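# Survey of secondary and tertiary structure
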Amino acid sequence: MNILSFKIRQPVALVWKGLKVFFFEGALSVIQVVKAFTTQLRTKPLTAAPPANVQLSLNKTCNLHCTFCARQTKQVRDQLANEKTLIMSCDFLEKNRDLFKDADYVNLAADGEPLLHPEIKKILETIGAISNKPNIIFVTNGVLLTDELIELIVRMKIMEVHFSIDSLRKENLEFVRPGVDLNQLITSIERINLKKREDNSEFPVLVLRPTFISKTIEELPSMVEFCHRYGFRTILVQYMQIYKRELTQYSLFNCRDSVRKYIDIAHQKAYELGVGFTLDTAIKENENPNIEHLHGTLERMEKPKIVTRDLKVKDLLKKCTLPWDFMLIQTNGDVYPCCNSGYKLGNLNKESWENIWNGPRAMELRKKFRNNILPKECVDKPCGIGKSE
């Protein structure tokens, strides 16, 4: 169904529903139906308050060559080779200070390792000084942490530091993340905890976010114990996305019973030890995993589909409200409503965040969402909200 026919059918459907309610439930019920409909449209205005979640894609560089990383595929290597801006210039931080000062989260989520950014200290200091509360979070493999960085992270009250540690066994860790020394990571973690005690600070909160394959899922309960031992408040359990067909044998989809078994054991252990236990959305949706999701990931990499039309999605606002809450800023300054969408809102190197956030492109996007229309730039993405035929 195209957008025009949908716009026509929407009020027609409302009229038809109103007539049925009138004959079977009376005039008062008709008023309630119309009121509910108009209220639904008003709940999400076209303009929005400053985004609660700001994500900065600082750099597309990394110090590791992890086995399962999408960066190891030809498709991504070719894409990175054609990128003109692999490292974000941070000139816009100070002049767009209102974007950061009251945000709930400022996520320094590089498409690689954020600590590899040559100005990472300046970035942490600038945003930390602007913010009215601790709101900076970032994910790191931990290899590049130094005493100087650790001192800065604690002093600036960075909100959360997420460690990507995928195994506690040397042979498994070497398989997933070649070159990583677990003892080195533990030393850095202990130094963070020591500095927090010295400063009498609860920040940064430490989060462990292991990504599991069939070889490592049995380590999940011991990962919970690791969290308890080294001061991690929460463990975020993720499943490994598979981007190469030769690695499909390691997918969690091949050991569904083990996934359920070790999640149950680890969840109980986390409860007993007082460790937060969170399942990534993909794990929740795939406690009974199906191979279709795996194949979908591979097909997106091998044969990217070009979507040419918007898509009608029922109850779209129940599935996604990111156009009102989230701003992703890419290394070149391009702004998007999430990390999956290709719907460009503007560029921060050319205009202010206020002009972008409530500008024509953003307003048009929110209007589509209110009308249950998913733009073509959001169709067939990993979030799975809308799939083309």
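Up top you'll find the structure we're talking about.
Throughout what follows, the structure given in this document is the object of discussion. (Residues numbered from 1 in each chain as written. Predicted model: local features only at pLDDT ≥ 70, side-chain atom pairs only at ≥ 80, totals over all residues. Heavy atoms only, no water.)

### Considering the pattern of salt bridges
Scanning the model with the defined rule gives 19 salt bridges in all. Residue arginine 97 pairs with glutamate 94 through a salt bridge whose shortest N-O separation is 2.2 Å. By relative accessible area, glutamate 94 is classed as partly exposed at 44%. Salt bridges linked by common partners bring Glu125, Glu151 and Arg155 together as one network. (Salt bridge = Lys/Arg side-chain N within 4 Å of Asp/Glu carboxyl O. Buried < 20%, exposed > 50% of the residue type's maximum accessible area, 1.4 Å probe, protein only.)

### Section: the side chain of threonine 140
Along the chain, the position of threonine 140 falls in strand β3 (residues 136-140). Assessed through its relative accessible area of 1%, threonine 140 is described here as buried. Looking at threonine 140, its side chain comes within polar contact range of the side chain of glutamate 113, at 2.9 Å. Excluding residues that lie within four positions of it along the chain, threonine 140 makes contacts with Glu113, Leu115, Val161, His162, Phe163 and Ser164. (Helix = DSSP H or I, 4+ residues; strand = E, 2+ residues; numbered from the N terminus. Polar contact = N/O pair within 3.5 Å; in protein donor to acceptor, adjacent residues only side chain to side chain. Contact = heavy atoms within 4.5 Å.)

### Thoughts on the nonpolar core
One finds Leu56, Phe100, Leu108, Phe163, Ile235, Phe277 and Ile329 to be the most contacted residues of the largest nonpolar core, which totals 87 residues. Ignoring any residue separated from it by four or fewer positions in sequence, one finds leucine 108 in contact with Leu56, Leu58, Pro114, Ile120, Ile123, Leu124, Ile127, Ile136, Ile137, Phe138 and Val139. One finds Val176, Ile242, Leu247 and Tyr250 within the second-largest nonpolar core, a separate group that totals seven residues. (Core = buried A, V, L, I, M, F, W, Y, C linked by side-chain atoms within 4.5 Å.)

### Observations regarding the packing of helix α5 (residues 120-130) against helix α6 (residues 147-155)
Two elements in contact, α5 and α6, have axes separated by 10 Å at closest approach and are oriented at 10°. In this view, α5 runs roughly parallel relative to α6, as classed from their interaxial angle. Contacts between α5 and α6 involve Ile120, Lys121, Leu124 and Glu125 from the former and Glu148, Leu149, Leu152, Ile153 and Arg155 from the latter. Counted by class, the contact of α5 with α6 contains five nonpolar, no polar and four charged residues. (Axes fitted to C-alpha atoms, helices over the stretch in contact; angles between N-to-C directions. Parallel < 35°, antiparallel > 145°, perpendicular 65-115°, else oblique. Nonpolar A, V, L, I, M, F, W, Y, C, P; charged D, E, K, R; others polar.)

### Looking at the environment of aspartate 334
Relative to the elements of secondary structure, aspartate 334 occurs in strand β11 (residues 334-336). Using a relative accessible area of 10% as the deciding quantity, one classes aspartate 334 as buried. In this view, aspartate 334 contacts Leu328, Ile329, Lys344, Gly346 and Asn347; residues no more than four positions away in its chain are not counted. A polar contact of 3.1 Å, which involves the side chain of aspartate 334, links it to the side chain of lysine 344.

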